[in-house]
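Coordinate analysis (summary)
Chain by chain, the residues run as shown.
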Amino acid sequence: MLVRYDPRSLVNRLQGDLDRVLGQTGRIVDDSTAGATTDWVPAVDIKEEDARFLIEADIPGVRPEDIDITMEDGILTLRGHRETESLKEAEAYRRVERISGRFYRRFALPDTADADAIEAKFDGGVLKVNIPKLPKVQPRRIDVQVS
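Here goes a summary of the coordinates provided. Note that the structure is a prediction, hence the values are computed from the model and not measured. (Residues numbered from 1 in each chain as written. Predicted model: local features only at pLDDT ≥ 70, side-chain atom pairs only at ≥ 80, totals over all residues. Heavy atoms only, no water.)

Topic: the pairing of strand E5 (residues 75-82)
Cut-off, in case you're wondering: Two strands make a pair as long as DSSP finds a minimum of two bridges between them. Only DSSP runs of H or I with at least four residues qualify as helices, and only runs of E with at least two residues qualify as strands; both kinds are numbered from the N terminus onward.
For strand E4 (residues 67-72) and E5, the ladder comprises six bridges, and the chain directions are antiparallel. Residue pairing across strands places Thr70 opposite Thr77, the latter belonging to E5. Direction of pairing for E5 relative to strand E6 (residues 101-108): antiparallel, over a ladder of eight bridges. Residue pairing in the sheet places Arg79 in a bridge with Tyr104 of E6.

Okay, here's the thing in C-alpha cells:
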C-alpha cells in the first residue's frame with residue numbers, strides 16, 4: 001500500500017495548537033486527528049457567515065452510509081471510511097494515489113453554535129455540515145423595586 005506524505009498536516013496541526021494557545025474564541029477550532037488512528041485526512045473548508053458555520057469536507061468515493069457524524073461536549077466528529085478498490089495484477093497500474101481506509105476529523109465548536117440544529121448533506125463527494133449559530137441574547141433590563 002502506498003501512503004502519501006502530506007507536510008500540510010503538520011502545518012495545520014501547528015496552526016490549531018497556536019489558535020488554542022492564543023485563545024482564538026468564537027471560531028471552530030480544528031482538533032485534527034488528536035490521537036486517533038487514521039489512514040487519510042480529508043481536506044476541509046470552514047466558512048463563517050452571520051447566521052451559521054459551514055464545514056465542507058472533500059470525501060469523494062465515500063458512500064453516505066459509511067459516514068458517521070457525532071456531536072458530544074462541544075466536539076463535532078466526522079469519521080468514516082473509503083473502501084479499497086481491488087487492484088488486479090493484470091491491470092498493470094503504474095501509480096495508485098487514491099487513498100482508502102479510515103478518516104477522522106474533530107472540530108471544537110464555539111459556544112455560539114447551536115448543537116441541536118446541526119444538519120449534514122452529501123452531494124458529489126462533498127460533505128456539507130451546516131452549524132447554525134444561536135440567536136444573540138439581548139440584555140434584559142431589570143427594574144429596581146423600592147421596598
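Looking at the side chain of Ser100
Filter applied, for reference: Any pair of residues with heavy atoms lying within 4.5 Å of one another is described as a contacting pair.
Summarising the element assignment, Ser100 is placed in the loop between E5 and E6. Aside from chain neighbours lying at most four places away, what touches Ser100 is Asp39, Trp40, Arg82, Glu83 and Thr84.

Focus: the pattern of salt bridges
To keep it simple, the criterion reads: For this document, the term salt bridge refers to a Lys or Arg side-chain nitrogen within 4 Å of an Asp or Glu carboxyl oxygen. Note on exposure labels: buried denotes an accessible area under 20% of the residue type's maximum, exposed denotes more than 50%, and partly exposed covers the range between, all computed with a 1.4 Å probe on protein chains only.
Going through the model one piece at a time under the given rule, you end up with six salt bridges. In this structure, the salt-bridge partner of Glu49 is Lys47, at a minimum N-O distance of 3.3 Å. Glu56 is paired through a salt bridge with Lys128; the nearest N and O atoms lie 3.8 Å apart. Of this pair, Glu56 sits in strand E3 (residues 52-58) while Lys128 sits in strand E8 (residues 126-132), placing them 72 residues apart in sequence. Classification of Glu56 as partly exposed rests on a relative accessible area of 24%. Judged by its relative accessible area of 40%, Lys128 falls in the partly exposed class.

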